[in-house]
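Here's the letter readout for the chains.
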Amino acid sequence: MANAKKLQERVALPRTAWIFADFLILFLLVALLSRRAASLREEHGPISTSTSTTWLPALALACEAWFTFVWLLNMNGKWSPVRFDTYPENLPDEQELPAVDMFVTTADPALEPPVITANTVLSLLAVDYPDAGGKLACYVSDDGCSPVTCYALREAAEFAAIWVPFCRKHGVAVRAPFMYFSSAPEVAKGHEFLERYSFMKSEYEKLVTRIENADERSILRDGEFAEFIDAERRNHPTIVKVLWDNSKSKTGEGFPHLVYVSREKSPEHYHNFKAGAMNVLTRVSGVMTNSPIMLNVDCDMFANNPQVVLHAMCLLLGFADETQSGFVQAPQKFYGGLKDDPFGNQMEVIYKKVGGGVAGIQGLFYGGTGCFHRRKVIYGVPPPDVVVKHEITGSPSYKELQTKFGSSKELIESSRDIISGDVLLARATESISSRVEVAKQVGACSYEAGTCWGQEIGWVYGSMTEDILTGQRIHATGWNSALLDTTPPAFLGCAPTGGPASLTQFKRWATGLLEILISRNSPILGAIFRRLQLRQCLAYLIIHVWPVRAPFELCYALLGPFCLLTNHSFLPKVSDEGFRIPLALFLAYNVYNLMEYKECGLSARAWWNNHRMQRITSASAWLLAFLTVLLKTVGLSETVFEVTRKESSSTTDGGGASTDEADPGLFTFDSSPVFVPATALSILNVVAIAVGAWRALAGTATGVRGGPGMGEFVCCGWMVLCLWPFVRGLVSRGRYGIPWSVRVKAGLIVSVFVHLCTRN
């Protein structure tokens, strides 16, 4: 039991059996490398009879050495898992709890429907927190500058006036209305509750109808939305609108401020994607409410646990040394997910195994959503021990703050308040509407010129994965982070479905991660020159090398088809003693991963789907990300931020996939280049198996030394199974079939490969 003062407890999780399994697979990998190196020495020895294919085992050795390195990275990441238990019942009185500014980001009303954003906002407005009306504020960044989104939020604010009191009075467990009303009411609560439930559901359905039927031209005729007239998505002034001022709330029914923000956009200024939007929200909130704690969530990631802010406060306030919780990150979890995760994007095992392990080092990575930040940490303030070490005392001068934060006097004063270190300090919020013009000033696209925003202060620029980069900068400064894994989950989001959405998301992540790895923000440099711990650096490399894995995995995947097409071998024959090593490694690795999924309560089918998707992602999204960054590095291309489509939800579908699909778990395709490499690999493996089988049946390979064996056939067959959605796509039609433009490009690539293999 927790004593009266304990707010959190760090619990180490045992994994002795898993460590043994880690070393078993490592031993098999080293044995494979040793065997491969020995065979190479024999090839180059005096008894060597042919050197025409010595590059084949050398390439295999290079790939297998890379796989061993990746395995070591994963061993380090999983080595010392922990969990954090929180005790919100032990929190101090409300006067001692800090205020919180909550940020929601959306970028495209077509890909991220406003009704989804409205539900996320409503779930945040209704969270449990003492004096929530006075201590919480919600800011929504709309990078799409959509009057429909602003209208949806205004309507949501009006609905919140009855929704928030209803949730608090009846102890509603899930406070995103679409999720709450997707299940039957609790009959045991009585007739009065059922009547109120029916009324609330009816009002919510009216809200959804108004939002979904909103017409932009009609909205613009309303004088309240006059600022959107003639505003273009990529060229418009800053728009800041206070949609709800909590001073209007009745006593005991208060709920947080709601502020709409669409930062200024201009073709002459680079807008830095989501990182730029987050920095604008940070400045706008700094001059309006200036809460010392900030929460940021994506527009589709609603607060699933109404006490999420209280649990976060246990970690932010519960350590004797605040360095241990520079930020508090909740793992991403999803609602309405398809059974057995057919697209491999729910990442449950990654968060439980790798995330829990990294939490035991310097802390879980910042995931871009579901994260509580200390404002002073975002402002670049180092941990207390660094401050003491360098004898930094007193507040920085006005000129120093102006150089870092910009010309706004209000922002300079508010930043001074935060840097002074009083976590309970927040600016008065009674006159929030009077600060709109100041907020517009700090939202200007030219405001950051000559300042430290995007570098030493705020969300860091230079990568599309601004979340990982920003969290890495915080860790490199010396701060740790804490894992917020509550029951029920703190936040739930919408996982993308279908091939295009899933691979687009993976490509965007991989592109940003590789940009970080080869830049001055590399975690390797952070470990050498800053305060990023070595093990934390290696943990970051687990994800940073995702796109780098693509060329190695592609090369290894091509060895099997090459051998079948050219009558060579890169693996030992079944009759060879060395065959046991790759066989044992293949079985041990897959059993190991299967057991991880079983321990996490997932099925064998979920394991297979995720294993299959990793092969697909590596041969498509990661490979294109690698090539994109390569072309950008040599000045031939620029990275483009692609928003992942969010599925709209209603009151009846529970937030799951659209019900008009015959099988939402089937892979879908479009003409995107991301599908070309995996399609080509699928065709190549089928052709190689056919050629190898024909040669074996015809007897042409009999007695030929070095010809392919069972290992090469297994490799190609395994790849066909992993790429089965693409094989099926080659014979399917409609959105489940691979477009002819992709097939033709893939066919040309296969033809060139076969020609190069067989020309000699």
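As a starting point, this report considers the structure included with it. Quick caveat, the model's predicted, so the values are computed rather than measured.

Considering the packing of aromatic side chains
Ring pairs (aromatic) are described by centroid distance and by the angle formed between their planes.
Piece 1. Scanning the model with the defined rule gives 50 aromatic pairs in all.
Piece 2. Geometrically, the ring pair formed by Trp244 and Phe255 is stacked, given 4.6 Å between the ring centres and 10° between the ring planes. Linking Trp244 in strand β5 (residues 239-244) with Phe255 in the loop between β5 and β6 (257-262), this pair joins segments that are 11 residues apart in sequence. Comparing Trp244 with Phe255, the two get one shared label, buried.
Piece 3. Ring geometry for Phe669 against Phe726: centres 5.2 Å apart, planes inclined by 70°, an arrangement best described as edge-to-face. Of this pair, Phe669 sits in the loop between α23 (604-633) and α24 (676-698) while Phe726 sits in helix α26 (residues 724-729), placing them 57 residues apart in sequence. Phe726 carries the same exposure label as Phe669, and that label is buried.
Piece 4. An aromatic cluster of at least three residues, connected via ring pairs, comprises Phe159, Trp163, Phe166, Tyr180, Phe181, Phe193, Tyr197 and Tyr204.
Piece 5. Positioned above the aromatic ring of Tyr736 is the side chain of Arg735, whose terminal nitrogen or guanidinium carbon lies 5.7 Å from the ring centre.

With respect to the side chain of Lys241
Piece 1. Secondary-structure assignment places Lys241 in strand β5.
Piece 2. Engagement of the side chain of Lys241 in a polar contact is seen with the side chain of Glu227, the distance being 3.3 Å.
Piece 3. With residues near it in sequence (within four places) discarded, Lys241 still touches Cys150, Glu224, Glu227, Phe228, Leu258, Val259 and Tyr260.

A word on the pattern of salt bridges
Piece 1. Applying the stated criterion across every chain yields a total of 29 salt bridges.
Piece 2. Close ionic contact of Arg210 with Glu155 constitutes a salt bridge, the shortest N to O distance being 2.8 Å. With a gap of 55 residues between them, Arg210 in helix α7 (residues 191-212) and Glu155 in helix α5 (residues 147-170) connect regions that are remote in the sequence.
Piece 3. Taking the relative accessible area as the measure of exposure, Glu155 reaches 5% and is therefore buried.
Piece 4. In this structure, Glu553 engages Arg615 in a salt bridge whose closest nitrogen and oxygen atoms are separated by 3.1 Å. Of this pair, Glu553 sits in helix α21 (residues 546-566) while Arg615 sits in helix α23, and the two are 62 residues apart along the sequence.
Piece 5. What you see here is one network of salt bridges that share partners, running through Arg154, Glu155, Arg210, Asp222 and Glu224.

Remarks on the packing of α21 against helix α27 (residues 740-758)
Piece 1. Direction vectors running N to C along α21 and α27 enclose 55°, while the axes themselves pass 9 Å from each other. The orientation of α21 relative to α27 falls into the category oblique. As α21 runs across α27, the sense of the crossing is right-handed. For the pair α21 and α27, contact is made by Leu558, Phe562, Leu565 and Thr566 and by Phe753, Val754, Cys757 and Thr758, respectively.
Piece 2. Its residues placed into classes, the contact of α21 with α27 shows 6 nonpolar, 2 polar and no charged.

Conventions used here
- Residues numbered from 1 in each chain as written.
- Predicted model: local features only at pLDDT ≥ 70, side-chain atom pairs only at ≥ 80, totals over all residues.
- Heavy atoms only, no water.
- Phe/Tyr/Trp six-rings, centres within 6.5 Å; stacked < 30°, edge-to-face > 60°.
- Helix = DSSP H or I, 4+ residues; strand = E, 2+ residues; numbered from the N terminus.
- Buried < 20%, exposed > 50% of the residue type's maximum accessible area, 1.4 Å probe, protein only.
- Lys NZ or Arg CZ within 6 Å of the ring centre and 35° of its normal.
- Polar contact = N/O pair within 3.5 Å; in protein donor to acceptor, adjacent residues only side chain to side chain.
- Contact = heavy atoms within 4.5 Å.
- Salt bridge = Lys/Arg side-chain N within 4 Å of Asp/Glu carboxyl O.
- Axes fitted to C-alpha atoms, helices over the stretch in contact; angles between N-to-C directions.
- Parallel < 35°, antiparallel > 145°, perpendicular 65-115°, else oblique.
- Left-handed = near helix turned anticlockwise from the far one by under 90°.
- Nonpolar A, V, L, I, M, F, W, Y, C, P; charged D, E, K, R; others polar.

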